[in-house]
Amino acid sequence: MTFENLLTASENNVFIITINRPDKLNALNKKTIEELSQALLFAEGDINIRAIVLTGSGQKAFVAGADISEFANFSIEQGKALSAEGHDKLFNLVQNLKTPVIAAINGFALGGGLELAMSCHIRVASDNAKMGLPEVSLGVIPGYGGTQRLAQLVGKGKALEMIMTADMISAADALTWGLVNYVTTPETLLAKCNELAVKIISRSPVAVAAAIRAVNANYADGVNGFAIEIDEFGTCFGTEDFKEGTTAFLEKRKAVFTGK
Ligand code: COA
């Protein structure tokens, strides 16, 4: 697949998507959001892709936010549509993708960039990364899920502090606050993401996808997460992966999962 604003590569069942607008610090314009959506749907539909790593090109930024130049003159209605379409097309898509997505935060992750990282299932940051939701400094609020997902990850108090001050935090603080899972050097960032991906890939893909759905259920309105867990747990018993996993354990061998 070829894209205008993305680079993609596939290695050992891991699909790496690099947002490639380094001159604009990989800011998310309409085209990039569209292409990310296409790339993620493609990856989810490919049985050989078992994990996705999402990163930014260049040394400076993961993503420095939504592209401000595209919405500076928007009306109220256009602002609402921008936000709603973003939720649908990209941010909810990432969160609910059945293929695990790891954000490799290699520099600035601001506004829509941090919101994109927060939609991913796991976040790893390099020690030079800076993260923040600076929208109130532009007279707006985070509109791609930031007010919800940041509070889910770091708690309401820290989320409100970050959103109201518009300050950036360091990778070290992000780790302490639970916003990222690991911090690495810039040189080892992708290797750490790959290590996590390889471990996940060795597990049952159907169980991993069920786990994503069950954990996400806790954050969905009007959904009983425990009921979803019971259902997903039971459904696993009907899969080939479950038979293989339990048989391999009893036969004292390593399971070979087919994802069926
Ligand atoms: N939207 C559109 N363009 C952006 C952008 C964004 N969110 N973030 C950076 N860019 C562009 C700059 O306009 C500049 O383009 P130019 O060279 O054509 O003028 C280029 O990327 C480089 O950015 P620059 O500001 O010169 O880099 P810097 O190192 O001085 O500052 C930041 C880096 C991240 C602090 C600064 O770019 C910034 O504050 N960006 C906006 C962050 C933000 O508010 N995001 C939330 C949006 S809702």
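For the structure itself, consult the block above.
Quick caveat, the model's predicted, so the values are computed rather than measured.

Visitor: Break down the overall build of the chain for me, with residues and values.
Guide: Each helix and strand counted, the chain has 11 helices and 10 strands in total. The globule rule puts the C-alpha radius of gyration for 260 residues at 18 Å, and the 19 Å found for the chain is close to it. Oriented by its inertia axes, the alpha-carbon framework of the chain measures out at about 60 × 40 × 35 Å. A sequence separation of at least 24 residues applies to 67% of the contacts in the chain between residues at least 6 apart. Just so you have it, the chain exposes about 13,400 Å², and 57% of that area is on carbon and sulfur atoms. When the 23 positive and 28 negative side-chain charges of the chain are each reduced to one mean point, those points stand 4 Å apart.

Visitor: Give a detailed account of the site of the ligand, specifying residues and quantitative values.
Guide: Taken together, 16 residues surround the ligand, and among them K24, K60, A64, A66 and I68 come closest. Within the backbone of A64, an N or O atom sits 3.0 Å from a nitrogen atom of the ligand. For the ligand, the protein covers 60% of the area, taking 860 Å² as the surface of the free molecule. Class assignment of the residues belonging to the shell around the ligand gives a composition of 10 nonpolar, 1 polar and 5 charged.

Visitor: Go over unusual backbone geometry with me, naming the residues and quoting the values.
Guide: With phi around 50 degrees, N12 is a residue other than glycine that occupies positive phi space. Mapped onto the fold, N12 is located in the loop between β1 (6-11) and β2 (14-19).

Visitor: Describe in detail the pairing of β2, supporting the description with residues and values.
Guide: Taking burial as the measure, the 6 residues of β2 include 5 buried ones, the bulk of the element. Bridging between β1 and β2 involves 6 bridges; their strand directions are antiparallel. If you follow E11 over to β2, its bridge partner there is V14. Between β1 and the antiparallel strand that follows it, β2, lie 2 residues; N12 among them carries a positive phi value of about 50 degrees.

Visitor: Requested: an account of the pattern of salt bridges, with residues and values cited.
Guide: Between side chains of opposite charge, a pair can form when the charged atoms approach closely. Counting across every chain of the model gives 7 salt bridges. Between K31 and E35 there is a salt bridge, and its shortest N-O distance comes to 4.0 Å. Of this pair, K31 and E35 both sit in helix α1 (residues 30-45), 4 residues apart, which is roughly one turn of that helix. Between R213 and E232 there is a salt bridge whose closest N-O contact spans 2.7 Å. You can see R213 sitting in helix α9 (residues 205-217) and its partner E232 sitting in helix α10 (residues 225-236), a full 19 residues away along the chain. Residue R213 is classed as partly exposed on the basis of its relative accessible area of 40%. Taking relative accessible area as the criterion, E232 reaches 12% and is therefore assigned buried. A single salt-bridge network, built from bridges that share partners, covers E244, E251 and R253.

Visitor: Tell me about a nonpolar patch on the surface, residues and numbers included.
Guide: There is a patch of nonpolar side chains on the surface, built from I68, L138 and V140 and spanning about 250 Å² of accessible area. Positionally, I68 belongs in helix α2 (residues 68-71).

Visitor: Could you give me a rundown of the packing of α9 against α10, with the residues and numbers involved?
Guide: At a minimum axis separation of 8 Å, α9 and α10 run at an interaxial angle of 170 degrees. Looking at the two axes, α9 sits roughly antiparallel to α10. Of the residues in α10, those in contact with A210, R213, A214 and A217 of α9 are G225, I228, E229, E232 and C236. Its residues placed into classes, the contact of α9 with α10 shows 5 nonpolar, 1 polar and 3 charged.

Visitor: Please provide a residue-by-residue account of the state of the cysteines, values included.
Guide: Any covalent bond linking the sulfur atoms of two cysteines counts as a disulfide. On inspection of all chains with the given rule, the structure shows 0 disulfides. Sulfur of C120: no disulfide; nearest cysteine sulfur belongs to C193 and is 9.8 Å away.

Visitor: Before we move on, could you go through the side chain of E244 and cite the residues and values that matter?
Guide: Within the secondary structure, E244 is located in helix α11 (residues 240-250). Its relative accessible area of 17% is what places E244 among the buried residues. If we ignore the near neighbours within four places in the chain, the residues touching E244 are R253, K254, A255, V256 and F257.

Thresholds applied
- Residues numbered from 1 in each chain as written.
- Predicted model: local features only at pLDDT ≥ 70, side-chain atom pairs only at ≥ 80, totals over all residues.
- Heavy atoms only, no water.
- Helix = DSSP H or I, 4+ residues; strand = E, 2+ residues; numbered from the N terminus.
- Rg over C-alpha atoms; globule rule 2.2 N^0.38 Å.
- Contact = heavy atoms within 4.5 Å.
- Areas by Shrake-Rupley, 256 points an atom, 1.4 Å probe, with all protein chains shown as cover.
- Lys, Arg positive; Asp, Glu negative; His and termini not counted.
- Charge placed at Lys NZ, Arg CZ, Asp CG, Glu CD.
- Near = heavy atom within 4 Å.
- Polar contact = N/O pair within 3.5 Å; in protein donor to acceptor, adjacent residues only side chain to side chain.
- Nonpolar A, V, L, I, M, F, W, Y, C, P; charged D, E, K, R; others polar.
- Buried < 20%, exposed > 50% of the residue type's maximum accessible area, 1.4 Å probe, protein only.
- Pairing = 2+ DSSP bridges.
- Salt bridge = Lys/Arg side-chain N within 4 Å of Asp/Glu carboxyl O.
- Patch = residues over 30% accessible without salt bridge, like charges linked within 9 Å, V, L, I, M, F, W, Y side chains within 5 Å.
- Axes fitted to C-alpha atoms, helices over the stretch in contact; angles between N-to-C directions.
- Parallel < 35°, antiparallel > 145°, perpendicular 65-115°, else oblique.
- Disulfide = S-S within 2.5 Å.

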